[in-house]
Every structure is written in structure tokens, then in C-alpha cells.
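Remarks on the overall topology
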Amino acid sequence: MERKQSRETICVQAGWQPKKGEPRVLPIYQSTTFKYDTSEQMGRMFDLEESGYFYTRLQNPTNDAVASKIAALEGGVGAMLTSSGQAASFYAIFNICSAGDHFVCTSAIYGGTFNLFAVTLEKLGIEVSFVDQDACDEKILAAFRPNTKALFGETIANPGLAVLDIEKMARIAHSQGVPLIVDNTFATPINCHPFEWGADIVIHSTTKYMDGHASTVGGAIVDSGNFDWDAHKDKFSGLTTPDESYHGLIYTQSFGKMAYITKATVQLMRDLGSIQSPNNAFIINLGLETLHLRMARHCENAQKVAEYLQKDERVAWIHYCGLKEDKYYELGQKYLPNGSCGVLTFGLKGGRDNSIRFMDNLQLAAIVTHVADARTSVLHPASHTHRQLSDEQLIAAGVAPDLIRFSVGIENADDIIADIEQALEKAY
Ligand SMILES: *Cc1c(COP(=O)(O)O)cnc(C)c1O
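Residues numbered from 1 in each chain as written. Predicted model: local features only at pLDDT ≥ 70, side-chain atom pairs only at ≥ 80, totals over all residues. Heavy atoms only, no water.

Describing the domain arrangement of the protein
Counted only if it meets this: Where a domain begins and ends is set by an automatic assignment or by a domain database. Whether two residues touch is decided by their heavy atoms; if any such pair falls within 4.5 Å, the residues are in contact. Note on definitions: buried area is the accessible-area loss of two parts on being combined, 1.4 Å probe, summed for both. By definition, a salt bridge exists where a carboxyl oxygen of Asp or Glu is found within 4 Å of a side-chain nitrogen of Lys or Arg.
Structurally, the protein comprises domain 1 (7-287) and domain 2 (292-427). Placing the centre of domain 1 and that of domain 2 at their C-alpha centroids yields a distance of 29 Å. Taken residue by residue, the interface counts 33 residues in domain 1 and 30 residues in domain 2. Approximately 2700 Å² of surface area, both sides summed, lies buried where domain 1 meets domain 2, with 63% of it carried by carbon and sulfur atoms. When residues of domain 1 are sorted by the area they lose upon contact with domain 2, Val163, Asn191 and Tyr209 head the list and together hold 27% of the total. Taken together, domain 1 and domain 2 are joined by two salt bridges. We note a salt bridge from Lys327 to Asp134, for which the minimum N-O separation is 3.4 Å.

Overview of the pattern of salt bridges
Under the convention used in this document: Accessible area is worked out with a 1.4 Å probe on protein chains only. A residue is then buried under 20% of its type maximum, exposed over 50%, and partly exposed in between. Put simply, DSSP marks the helices as runs of H or I at least four residues long and the strands as runs of E at least two long, and each gets a number from the N terminus on.
Taken as a whole and assessed by the stated rule, the structure comprises 15 salt bridges. The shortest N-O distance in the salt bridge between Asp37 and Lys35 comes to 3.1 Å. For Lys35, a relative accessible area of 70% gives the class exposed. Arg145 is paired through a salt bridge with Glu127; the nearest N and O atoms lie 3.4 Å apart. Of this pair, Arg145 sits in the loop between α6 (137-141) and β4 (148-154) while Glu127 sits in strand β3 (residues 127-131); the two residues are 18 residues apart in sequence, bridging distant segments of the chain. Connected via shared salt-bridge partners are Arg44, Glu49 and Glu50.

Brief notes about the site of the ligand
Stated precisely, the cut-off is as follows: By convention in this text, a residue qualifies as near a molecule or strand provided that one of its non-hydrogen atoms is within 4 Å of it. Whenever two N or O atoms come within 3.5 Å, that pair is a polar contact, provided that in protein one can donate a hydrogen and the other can accept it, and provided that, for residues adjacent in sequence, both atoms are side-chain atoms. For the area figures, the Shrake-Rupley method with a 1.4 Å probe applies, and any residue is considered shielded solely by the protein chains shown.
Around the ligand, the structure places 14 residues, and the nearest of them are Gly85, Asp183, Ser205, Thr207 and Lys208. Gly85 places a polar main-chain atom, nitrogen or oxygen, 2.9 Å from an oxygen atom of the ligand. Interatomic distance of 2.6 Å between a side-chain N/O atom of Thr207 and an oxygen atom of the ligand. Coverage of the ligand by the protein amounts to 92% of the 380 Å² it exposes when considered alone.

Structure below.
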């Protein structure tokens, strides 16, 4: 049996496999189109009778190399890159839901995903019900309906930092004949492998740790190949009945375990077009080559910062699942044994005003609308991303008015702590 490569090696080696005389480094195929010798050759590809490149909106060799690296990291059968994490979330749902359908989602999710699901998908006739991910099976099951097509959650919620009980969620989803879709952005495949716990589809905002340098917005969808769409034929007719836009092709029959990701590529991406640019894919690939090194350092630094903050009497509360006192410590130990991520949240005594004064006095940590960057960054959701909400609405959304989202970078931990210390001194 071939030896299974570790994720560290996959980060560096997977994806682009040059043949004799080809570039060692992944080339950027900066071309919209690809040449063929006969009209017949090209025609066969439009009918999906032959695989090959013909137009970058559908597939591009640079993107495919990066997608295959991400698929290998997650242990999936295939992946597709998208122009953003938002596009990945949208396609992941829209690939199996259409007007009249419904899905269930955990309430502790990224604000952008919440808007997409609760407002924009609603306009397309797709309904969502939000559930408390920590509730018992019965309560979550009560949200399912005959037209429910998926269950969605985040491994580590942004910014609430709740850790998802993936095994429980997979059990619930499968008991209802639907897939579990997990947003694994914060954990990355270095720290969590949702497919090993029963998730069926994983999505990423590659904008965050995968890029890691805050230079490119991007996303990815990964298919485990494990969900049996044909066992629930009526629910997933888009995959199990003829697609007239491909002369009656049936995805599950023609592509087997690759049915879901193939439909996302050849149908949704063909029609909606939010492809990642090959240039951006190249940059994400550079990020992936050091993902394993950076994640270890992010987690090590965040743990030190969390322990420092926990001891400081000016800190009112802190959330980081690496702390023994944290509500999610046990789930963190189970699903994220090597560390969670570099993001932690906390509040200062004296509330919102002190939190703002503290942030304004930080020097090394920069105020930016971003997380998961090599550089330490900080955000006050109540003043920024969630600015339009009242204090009551903030609390309902799981964002305390004094919540500081602190994304620990890969600088020296003592320097980060020294910056926090001087800012705390000035805030009081
Ligand atoms: C940022 C983020 C997204 C959206 O990704 P973009 O690349 O900004 O579109 C989705 N999910 C999570 C958990 C995120 O942090």
C-alpha cells in the first residue's frame, strides 16, 4: 500500500506535478482559452464526453492544481476554487437547493454568511432556519422539514469562536437524509479534518489562513465524495435526474463520487461565473506551502496571548478554546487537538468605551477588517462589521458590545503581549 502523505508534505508538494522539462513552480496560465486541432475535439468537451480545458470560467490548469492541493489537504475527491468565500458558501447551498427548498444552519456563523443565507437566498425562494449548535439532538431535529436539503455550520465560528460538534451534526444531518456542509475556514485542514468526523462538503474562505498574507480574496468548495445522493434521489433531483443543459446527462450516473463537485463546476460556475483568477490561485498556492508552519505559530502565539489576558484583572472575559476554563475546551480537545486558530475574543471591564480606547492605542496590532493574517490585527465588531445593530441586537447575534476580535499573527509573542500591555495601560 502506498504510504499516506502527511498534511505538511501535501502543503508543499501536492497540486502541480511537472513532467519532464516543465516549470518546477506552478505556472500562471494567464489565458482565457485553450487551443484544439479540430472542431470535433472541442465539441466533445462541451458535451462533457471528454475532459480538457477550453475556457477559464469553467476550468484553468493553475486553478485546478491549487484546487487539487486543497482537496488533498481535506481528504476529499475534488475541489473547486471560487472568487471569494461568499461565492463558495452560495454555490455550496445553491448546488443542491432551489426555490421552494429549505436548509438548517447554526446561528453562530460569519456575518456575511448570515446575510447571504437570511436575506439574499430568501429572495431566491430558499428558506433557512437557524439553530443553536449546542442544543440537544431533538431541538435541532425540530428545525428539519420535508423540503430540507442540508445542514450548515462553522468548525470555529467567526467571531463567536463556538466549536462545532461535527460528529453530532453529521449524525443529525444523515438521519434526515441530507449532507452536512462545514465552513472550515478558521481551523484550516491543518487543525481539523471535518470529513473524518462525517461532514460531506467543506467550504473555505481562502482569503484567511490559506492565503495568510491578506493579499487575495478567494474561496473553495471540497467534496468528500461520501454522500449517497442516489439514496435520496427525490431530494436531490438536480444531481440524480437529467440536466437538459447537457443533453440530459445525469451527474450521479456519469460522475459517481464526483457528482456534486462536477455539477458545481460545469453547471453553476458555467452559469454564474465567479471564478477565481489564476493569478490569485497562484498566490494562494504560495500561502498553502507554509500553511502548516504558520498555523502552528498562530496557535502557539494565541495561546500565550490568551493566557496573558486571562490573568489580567482589566479583562472582563475571554473566549479561546485552548483555555481550560473555556466553554468549548472539551470540543476543542476532540476536534482541534493540535490547536484551533489565532483568533481570540475578549472584553474589557468598563465596557465598550474602554475597548475602543484600548484598540486605538495598539501600535503593532492594526485595526483592519480582516482576520487570519500573518500580521496581528484587531476589530471591534460593534463599531465596525455590526455597526448598524443596537446593543440588544448585538447580544442576540452573539456579539457583545465590548467584544474585541483579536487575530494573533506570527510575530514574536512577547512583542504582541508588550503591545497589548502598553495599550491597556493607556486605556485605564
Ligand atoms: C471571511 C469569511 C467568509 C467569507 O469569505 P470572503 O472570502 O471574505 O468572501 C466565510 N466564512 C468565514 C468563516 C469567514 O471568516
